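This is what each chain is made of:
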Amino acid sequence: MTDHATIGHIHLRVSDLDRAIAFYRDILGFEITQKFGNRAAFLSAGGYHHHIGLNTWESLGATPPPPGHTGLYHSAFLYPDRASLAAVLKRVVEAGIPLDGAADHGVSEAIYLRDPDENGVEIYRDRAQADWPRDAAGKLLMVNERLDVAALLAEAP
């Protein structure tokens, strides 16, 4: 079968629209495609109508959900190469946003952090599929190794 689903976008409830826009636009690098006053905004990478929706319809001024509850674990944003990931990481660090962690998964290099509303965010880049770790039978073998964040940051333009 050739038809398959892909992930189109995420839509997040946020407590402060301008603060959320600043994070997703200025730090992660998405562009605003449409804004509805001070209540909602849509952001995109590469000209798509939107990859991220943000709204305060039911959450204006609200607090994040408490730990230990169900909900979004994280959203993950794929960057095209190591230099692009390093550039975003540099903006994260310069903005004083703390990292929750970083990992080399064999197939990818990933950095974990939180947006201003405490939603988990992963920024990552994939390695070429030919470089993915596999066992003797060809089965994928993802790992969870330490990522050298300082070395990645040193590659930022």
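My aim in this report is to walk through the structure given alongside it, one point at a time.

Parameters at a glance
Residue numbers run consecutively from 1 along every chain, following the written order of its sequence. Since the coordinates come from a predicted model, pLDDT governs what is reported: local features require at least 70, and pairs of side-chain atoms require 80 or more to be given and counted, while whole-chain, interface and lining totals use all residues. By convention in this description, side-chain values take in all heavy atoms of the structure and omit both hydrogens and water. Type-normalised accessible area, obtained with a 1.4 Å probe on protein chains alone, sets the label of each residue: buried when under 20%, exposed when over 50%, and partly exposed for intermediate values. Going along the chain from the N terminus, every DSSP run of H or I of four or more residues is numbered as a helix, and every run of E of two or more is numbered as a strand. We define a polar contact as two N or O atoms separated by no more than 3.5 Å, with the added condition that, inside protein, one atom must be a possible hydrogen donor and the other a possible acceptor, whereas residues neighbouring each other in sequence contribute only through side-chain atom pairs. Any pair of residues with heavy atoms lying within 4.5 Å of one another is described as a contacting pair. In this text, buried Ala, Val, Leu, Ile, Met, Phe, Trp, Tyr and Cys residues form a nonpolar core when linked through side-chain atoms within 4.5 Å. One requirement defines pairing of two strands: DSSP has to find at least two bridges between them. Lines fitted to C-alpha atoms define the axes here, with helix axes fitted over just the stretch in contact, and angles between the N-to-C directions of these axes take values from 0 to 180 degrees. Expected helix span is computed as 1.5 Å times (number of residues minus one). A pair of Phe, Tyr and Trp rings is counted when the ring centres sit within 6.5 Å of each other, with Trp represented by its six-membered ring. The angle between the planes then sorts it: under 30 degrees is stacked, over 60 is edge-to-face, the rest tilted.

**Here we look at unusual backbone geometry**
If a residue is not glycine, its phi is most likely negative; likewise, a peptide bond is most likely trans.
No. 1: Even without being a glycine, E118 presents a positive backbone phi close to 70 degrees.
No. 2: Looking at E118, the relative accessible area reads 44%, which means it is partly exposed.

**Examining the side chain of N55**
No. 1: Examined against the element boundaries, N55 turns out to sit in strand β4 (residues 52-55).
No. 2: A distance of 3.0 Å separates a polar atom in the side chain of N55 from the backbone nitrogen of W57.
No. 3: When residues no more than four places from it in sequence are discounted, the contact partners of N55 are H11, L12, R13, V14, R39 and A40.

**A look at the nonpolar core**
No. 1: Formed by 29 residues in total, the largest nonpolar core has its most connected members in Y24, L28, L54 and I123.
No. 2: Mapped by element, the contributors of at least two residues to this core are α1 (17-27), β3 (40-44), β4, β5 (75-79), α2 (82-94), β7 (108-114) and β8 (120-126).
No. 3: At six residues, the largest contribution of residues to this core is made by α1.

**Quick look at the sheet that holds β7**
No. 1: Strands sit in the order β5-β8-β7-β6-β9 across an open sheet of five strands; the sheet is mixed. At either margin of the open sheet sits one strand with a lone partner, and together these are β5 and β9 (145-146).
No. 2: Both strand β6 (residues 99-104) and β7 contribute to a ladder of five bridges, which runs antiparallel. Bridging across to β7, A103 finds its partner in A110.
No. 3: The strands that α2 touches are β5, β6, β7 and β8; relative to β8, the one it contacts most, it runs at about 150 degrees.

**Some details on α1**
In an α-helix there are 3.6 residues to a turn, and that puts residues three or four apart on one side.
No. 1: Along α1, the positions that sit buried rather than exposed are L17, A20, I21, F23, Y24 and I27.
No. 2: Its side-chain oxygen at 3.2 Å from the backbone nitrogen of D18, D16 defines the N-terminal cap of α1.
No. 3: One or two positions beyond α1, positive phi appears at G29, with a value near 95 degrees.

**Regarding α2**
No. 1: The terminal C-alpha atoms of α2, which comprises 13 residues, lie 18 Å apart, in line with the 18 Å expected from a rise of 1.5 Å per residue.
No. 2: In this structure, the buried residues of α2 make contact with α1, β5, β6, β7, β8 and α3 (149-154).
No. 3: Put simply, D81 is the residue that caps the front of α2, since its side-chain oxygen is 3.4 Å from the backbone nitrogen of A83.
No. 4: Two residues or fewer past α2, G96 is found with a positive phi of approximately 75 degrees.

**Brief notes about the sheet that holds strand β1 (residues 10-13)**
No. 1: Read from one edge of the open sheet, four strands run β1-β4-β3-β2, paired in mixed fashion. On the outer flanks of this sheet lie β1 and β2 (31-36), each paired with one strand and no other. Averaged over all pairs of adjacent strands, the angle between strand axes in this sheet comes to 20 degrees, irrespective of strand direction.
No. 2: Alignment of β3 against β4, held across four bridges, turns out to be antiparallel.

**Remarks on the packing of aromatic side chains**
No. 1: Tallying each qualifying case throughout the model produces four aromatic pairs.
No. 2: On the basis of an interplanar angle of 70 degrees and a centroid distance of 6.2 Å, the ring pair of Y24 and F77 is categorised as edge-to-face. Taken together, the residues Y24 in helix α1 and F77 in strand β5 connect sequence positions 53 residues apart.
No. 3: On the basis of relative accessibility, which here comes to 0%, the residue Y24 falls in the buried class.
No. 4: With 5.1 Å between their ring centres and 70 degrees between their planes, F30 and F77 make a pair best called edge-to-face.

Nothing here speaks to function; it is all geometry.
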